[in-house]
Every structure is written in C-alpha cells, then in structure tokens.
Amino acid sequence: MTRTYRALSAYARTTATIESVARLAGWDQETYMPPGGAESRAEQLAALASIAHERKTSSQMRELIEACEQDRELTSDAESAYARSVHEFRHDFDRATKLPGDLVEELARAASRGQQVWKQARKANDFAAFRPALEAMIELTRRKAECYGVPRGGEPYDALLEDYEPGATAREIEAAFSPLRDRLSAMLAELGKGEHPDESITRVKIDPARQHELGLFVLKAMGFDLDAGRLDTTTHPFCDGLGPGDTRLTTRYREDHFTGALYGTLHEMGHGLYEQGLPKADHFGTPLGDAIGLGMHESQSRMWENMVGRSLAFWEWLLPYARKIVGGALDSATPRSLYAATNTAKASLIRVEADEATYNLHIMLRFGIERAVFRGDLAARDIPGVWDETFKQTLGLDVPDDARGCMQDVHWSAGLLGYFPTYALGNLYAAQFFEAARRDLGDLDAQFGRGDFAPLLGWLKTNIHAHGRRFRAGELCQRVTGRALSHAPLMRYLEGKLRPIYGV
Ligand code: ZN
C-alpha cells in the first residue's frame, strides 16, 4: 500500500464511520426507539447524511483520488486490488458529483411524497390517484439517467442499474431472464399436473420465544458470529453490516408460521455472513471492504435461505434439535414432510409472498415494464393494462385489481427504479455459485446432514467475500464458475428439486 492510498483510505474510513453511526441510529429506529424519538431521529439522520455527502463529494476527496490515480506504483498494474479500488473510488465519486444538488433534493422530496400518495392510492385501489406521483418520479429518474449518462451502446435503463448492480446492462439481464421465463413457465405447467405438497406442518403453533431460540441455534451452527452480530425483531426484517465486528440481523415472528421466521432469519443471515466475511478490519470504507452490489448480496441470502435451508439434508440435521427447542409442536414432523412443505411452487399475486421459483416471474414482469418505460415505449397510464396482460401470460392468473397488481410494491413510488432485477439476479448468481461450490467441495448434502456448514462458508469467504468490490459481479461469476451468468444452473436446481416433490 502506498502513502497516497493510505491517505485516501483513511479519509474514506472516517466518512464510512460517520455513515455507520447513521446506520446504527437507523437500526435503533427500527428496533428499540420509543415513538417519541421519531422527530429527533430524523434530524440526527439528516445531519449525518449531509456531513457524509459533503465529505464524499469534497474537493479534498477529489484530490486524494487524483493523487492515487497519478501514483504509478499504485496503478501501473491496472488489475491489482489497489488499482481496482482506486478505479471504484473514482466511479463512486463521479456518480456522487454528477447529479446537480437541486435534482437530488427534488428526487428526495418526490420519493417521500410519492410513498405517501402510494400508500393512500393502494389502500383505495386507485391507480389514477397514484399516476401523477408516478409520472413525476419517472420524469425525475429520466433526468437522473441523463445526468449519469448512458454507457456506450447501452440504453437509459443501464444508467439506473448502475446504482444497484454496477456494470450490469439491461441487454445482458434480458439474455438471462428470457430463457428463464420460458423454462419457469413450462415447469410450473408441469408441476400443476402433480401433487401440491401438504403445507400444514408449517402452520403448527410455536411460541415466538422458542422460535427465537431456534433461529439463534441455526445462526450459530451456520457460522454467523454472534460476538460480532445480533438478532432482533422488527416489522420489516433486514440486515445491516454497520462496521467491522458489528452486523445486525432482524426478523419477525408469527406464532402460527414458524418457517416464515426461520427462513426470514436464514435470509438475513446470508446477507450477514457476507458482511462478516468482507475484509472490513483492513478495508472498511473502501471498495475493497464493501459488497459488490445488490445482486451479489442477494445471492448470499438466497443461497443460505433456499439452497441450504430448503434442502432435505438441512431438515435431517435440524429436526432433532428443533424438536428439543420448540417442544411438542414438531413431534409428528419428518425431515421429508418439512422438506416438501417448504418447497412449493404455485403462481400467486403478491411478489413478497411468492415462492422461490415463481418469484422470478414477478421480477421479470417488473423489469420488462421499467425497461419499456425508460425506452419511451410505455407510458405510466398504460402500466396497469400491460401488467395484467403480462401477468396472465406468465403466471396464468387474472389480476383482480391494481392494489394487488401494479401498485403492490413501494419501490416505484420511492424512486427505486432499476432495483427489481437484482432480486432475480441474486437467485441466478446463487444457483451458479452453489453449483461451483458443489463441484469444489464434494457432497454438500452429507456435510449439511452432519450440521457441517463450514466448508461452504469458507468457500464463499475465499471466492466471494474476501474480494470486496475488486471484481464486478459478472466478472467474479466468470472467474469463479468459469462461465457467464446463465439461467441454466437455477433451472437445473429448481427442476431437480421440485419435480420429485410434485411427483412429475
Ligand atoms: Zn435480501
């Protein structure tokens, strides 16, 4: 490490530390803050955000980056970790300084107003009431994309993706999504002829305190470091890697749906293991200590939640312990009954309630609409019609109303346009990396069946977590799995699991 890089990373670490205090305040807001604290908390968060933004866009930051760029020793090998880090520093700085201040403010205002309008309009099932706010948000986002600039050979949507999935393009995503859409639809039709598993075992009543104990037991067994993390309860579960040695997970419990909490916890744990695996002790606040993007983050959560947590081997391992922890509720359960009950695939209206397989179809529908909007091929007023038609085509269901149709998600009202694809990219990356891990580590099921999750976690740390943002998601995928991102591993995984369960 050179003197120039040390100066840049020290400055960036202080900025990240200020942001981590804000995140801690945000975590507290969602968990333990008394309602009376809301107003002063908003002030605290705004003050910290403004200090952090000033530092991130300051002339000092610019000079520190330039000094690194001119430092031959640092950048002569463009592929070295530090050179890549400087490149990412530059990328972030340019992104942060490209938007004029008034546009940033307008976007923030439109997002907070948009969410209010959306809440009311969804409740009233009134798209016409939501439309002006949506149109305003689309217009501002279009301006945002123009400020960022469309990458050569790309389209405006690519500029939006960059906030969430750096380096990804709409065309590449479509290339993975399009065959996935066809094969998923075909698989669903096939499963429809089979027998839907009995899900009643997931509805037994289990006291939340015991569910919490079960969650902690699984976290510990899978390698989540509870001396460097916590699990608490919230209305909307999340994970926040606050900083070195401190990763917070949250979950929520329903007495009559223990698998909801269990898989929610496993999902957030997957995010948390990524955060704990990043080399933050040395690189906190720099691209080398940071996650690649939302798609890669989601791949870690989906892998632990679905590929590990919904395997037969997982239940063979967990059930004896779960029986002891939760009391009599699971006495009649078998590993196989739990395995079948937690692996269903059936079209439904609401994305957040969708299963692992059909979930991707919900995402592709949103991606197609967003892309068409930013190409100028689709106006906001026509979204409900296109939504309903596409939904019928891909999921085979009639959408009864806009509240359960195109108005179900908060994202568009909050200005999160270009965000949705990362959810499905997460599933694709998860399956492709999991296949590669299986190839490298041998019989993963035998390991899971013994409660031995260390080899998989070690593999993820070495191959993914340890690099921070040294590689872009697509590049890392190619390096580790030997192939570009494809729909095939996810389909092999889903068909291989679901066909036998449905008996088709
Ligand atoms: Zn997630």
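Being a predicted model, the structure only gives us computed values, none of them experimental.

Peer 1: Would you explain the overall build of the protein chain in this entry?
Peer 2: Along its length, the protein chain carries 22 helices and three strands. Here the protein chain has a C-alpha radius of gyration of 23 Å; the compact-globule value for 504 residues is 23 Å, and the two agree. Here the C-alpha coordinates of the protein chain stretch approximately 65 × 50 × 50 Å along the principal axes. Looking at the protein chain as a whole, 53% of its 504 residues are labelled buried. Of the contacts formed within the protein chain by residues at least 6 apart in sequence, a portion of 74% connects residues at least 24 apart.

Peer 1: Help me out: how do you make sense of the nonpolar core in this one?
Peer 2: A general trend in soluble globular proteins is that nonpolar side chains are found buried together. Residues Trp304, Phe314 and Phe433 are the most contacted members of the largest nonpolar core, which totals 130 residues. It is helix α18 (residues 421-441) that contributes the most residues to this core, eleven residues altogether. When residues of this core are sorted by domain, at least three fall in each of domain 1 (3-149) and domain 2 (170-502). When sequence neighbours within four positions are dropped, the list of residues in contact with Trp304 reads Met222, Leu266, Met269, Gly270, Leu273, Gly309, Phe453, Leu456, Leu457 and Leu460. Of all hydrophobic cores here, the second largest spans 13 residues; its members include Leu8, Leu64, Phe89 and Phe93.

Peer 1: Explain unusual backbone geometry here, please?
Peer 2: Leaving glycine out, the prevailing phi sign among residues is negative, and the prevailing peptide bond configuration is trans. In this model, Asn125 sits at a positive phi of 50 degrees, which is unusual for a non-glycine residue. As for its placement among the helices and strands, Asn125 is situated in the loop between α6 (101-123) and α7 (127-148).

Peer 1: Would you explain the packing of helix α10 (residues 208-222) against helix α11 (residues 258-277) in this entry?
Peer 2: Each pair of packed helices can be described by the angle between their axes along with the distance between the axes. Two elements in contact, α10 and α11, have axes separated by 10 Å at closest approach and are oriented at 35 degrees. Relative to α11, the crossing made by α10 is right-handed. Judged by residue contacts, Gln211, Leu214, Gly215, Val218, Leu219 and Met222 of α10 engage Phe258, Ala261, Leu262, Thr265, Leu266, Met269 and Leu273 from α11. Across the contact of α10 with α11, the residue classes tally to ten nonpolar, three polar and no charged.

Peer 1: Explain the packing of aromatic side chains to me, please; I cannot follow it from the model alone.
Peer 2: Given two aromatic rings, their pairing is described by the distance between the two centres and the angle made by the two planes. This model, assessed by the stated rule, comprises 21 aromatic pairs. With a centroid separation of 5.5 Å and an interplanar angle of 55 degrees, the aromatic rings of Tyr419 and Tyr423 are classed as tilted. When the ring of Phe448 is compared with that of Phe453, the centres are 5.4 Å apart and the planes differ by 25 degrees; the resulting orientation is stacked. Residues Phe448 and Phe453 agree in their burial class; the two are buried. A connected cluster of aromatic rings, assembled from ring pairs, spans Phe217, Phe314, Trp315, Trp317, Tyr321, Phe434, Phe448 and Phe453.

Peer 1: Looking at this structure, I do not really get the domain arrangement of the protein chain. What am I missing?
Peer 2: A common way to state how big an interface is: give the accessible area lost once the parts meet. Each domain of the protein chain was delimited in the assignment, giving domain 1 (3-149) and domain 2 (170-502). Computed from C-alpha coordinates alone, the two centres of domain 1 and domain 2 are separated by 26 Å. Listed per partner, the contact involves 41 residues of domain 1 and 44 residues of domain 2. Buried area between domain 1 and domain 2, summed over both chains or domains, comes out near 3,700 Å², and the portion from carbon and sulfur atoms is 60%. Three residues stand out in domain 1 for area buried against domain 2, namely Arg13, Trp27 and Phe127, and they jointly supply 17% of the buried area on that side. Where domain 1 meets domain 2, there are five salt bridges. A salt bridge links Arg23 to Asp240; the nearest nitrogen and oxygen atoms lie 2.8 Å apart. The interface formed by domain 1 and domain 2 holds 15 residue pairs in polar contact (both at pLDDT 80 or more) in total. At the level of elements, α1 (3-31), α5 (81-98), α6 and α7 are the ones that each hand at least two residues to the side of domain 1 that touches domain 2. Counting residues per element, the side of domain 1 that touches domain 2 draws most heavily on α1, which supplies twelve residues.

Peer 1: Just checking my understanding: could you explain helix α13 (residues 294-308) for this structure?
Peer 2: Since the α-helix advances by 3.6 residues per turn, residues separated by three or four positions end up pointing in the same direction. If you check α13, its first and last C-alpha atoms are 20 Å apart, about what 15 residues at 1.5 Å a residue would give, namely 21 Å. Of all the bends in α13, the greatest measures close to 35 degrees and is centred on Arg302. Of all 15 residues in α13, 14 are buried, a share of seventy percent or more.

Peer 1: What is the right way to read the pattern of salt bridges from this model?
Peer 2: Any two side chains of opposite charge can pair, given that their charged atoms come close. Per the stated rule, a full pass over the model turns up 39 salt bridges. Residue Arg230 pairs with Asp232 through a salt bridge whose shortest N-O separation is 2.8 Å. Taking relative accessible area as the criterion, Arg230 reaches 37% and is therefore assigned partly exposed. Between Arg469 and Asp290 there is a salt bridge whose closest N-O contact spans 3.7 Å. Here the residue Arg469 occupies a position in the loop between α20 (454-463) and α21 (473-481), and Asp290 occupies one in the loop between α12 (280-283) and α13, the gap between them amounting to 179 residues. Given a relative accessible area of 10%, Arg469 falls into the buried group. Three or more residues joined by partner-sharing salt bridges are found here, namely Glu88, Asp92, Glu162, Asp290, Arg469 and Arg472.

Peer 1: Could you clarify how one ought to interpret the sheet that holds strand β2 (residues 239-243) in this entry?
Peer 2: In a beta sheet, neighbouring strands are held together by backbone hydrogen bonds and run either parallel or antiparallel to one another. Taking strand neighbours across the sheet as the criterion, the three strands line up as β1-β3-β2 in an open arrangement whose pairing is mixed. Because the sheet does not close on itself, it has two edges, and the strands there are β1 (229-233) and β2. Within the sheet, the average angular offset between the axes of one strand and its neighbour, ignoring direction, is 20 degrees. Pairing geometry for β2 and strand β3 (residues 246-251), over four bridges, is antiparallel. Bridging across to β3, Gly241 finds its partner in Thr247. Contacting β1, β2 and β3, α11 runs over the sheet at an angle of about 165 degrees to β3.

Peer 1: What exactly am I supposed to notice about the environment of Ser20 here?
Peer 2: Of note, Ser20 is situated in helix α1. A relative accessible area of 15% places Ser20 in the buried class. Considered as a pair, Ser20 and Gly241 are 221 residues apart in the sequence and their alpha carbons are 8.6 Å apart. Filtering out sequence-adjacent residues up to four positions away, Ser20 remains in contact with Leu242 and Phe284. A polar atom in the side chain of Ser20 sits 2.9 Å from the backbone oxygen of Thr17.

Peer 1: Explain the side chain of Lys497 to me, please; I cannot follow it from the model alone.
Peer 2: With respect to the element layout, Lys497 can be found in helix α22 (residues 488-502). Classification of Lys497 by relative accessible area gives buried; the value is 7%. Within polar-contact distance, the side chain of Lys497 engages the side chain of Glu356 at 3.1 Å. Among residues more than four places away in sequence, those in contact with Lys497 are Asn306, Arg310, Tyr339, Asn343 and Glu356.

Parameters at a glance
- Residues numbered from 1 in each chain as written.
- Predicted model: local features only at pLDDT ≥ 70, side-chain atom pairs only at ≥ 80, totals over all residues.
- Heavy atoms only, no water.
- Helix = DSSP H or I, 4+ residues; strand = E, 2+ residues; numbered from the N terminus.
- Rg over C-alpha atoms; globule rule 2.2 N^0.38 Å.
- Buried < 20%, exposed > 50% of the residue type's maximum accessible area, 1.4 Å probe, protein only.
- Contact = heavy atoms within 4.5 Å.
- Core = buried A, V, L, I, M, F, W, Y, C linked by side-chain atoms within 4.5 Å.
- Domains from an automatic or database assignment.
- Axes fitted to C-alpha atoms, helices over the stretch in contact; angles between N-to-C directions.
- Left-handed = near helix turned anticlockwise from the far one by under 90°.
- Nonpolar A, V, L, I, M, F, W, Y, C, P; charged D, E, K, R; others polar.
- Phe/Tyr/Trp six-rings, centres within 6.5 Å; stacked < 30°, edge-to-face > 60°.
- Buried area = accessible area lost by both parts, 1.4 Å probe.
- Salt bridge = Lys/Arg side-chain N within 4 Å of Asp/Glu carboxyl O.
- Polar contact = N/O pair within 3.5 Å; in protein donor to acceptor, adjacent residues only side chain to side chain.
- Expected span 1.5 Å × (residues − 1).
- Bend = angle between axes of the 7 residues up to and from the residue.
- Pairing = 2+ DSSP bridges.

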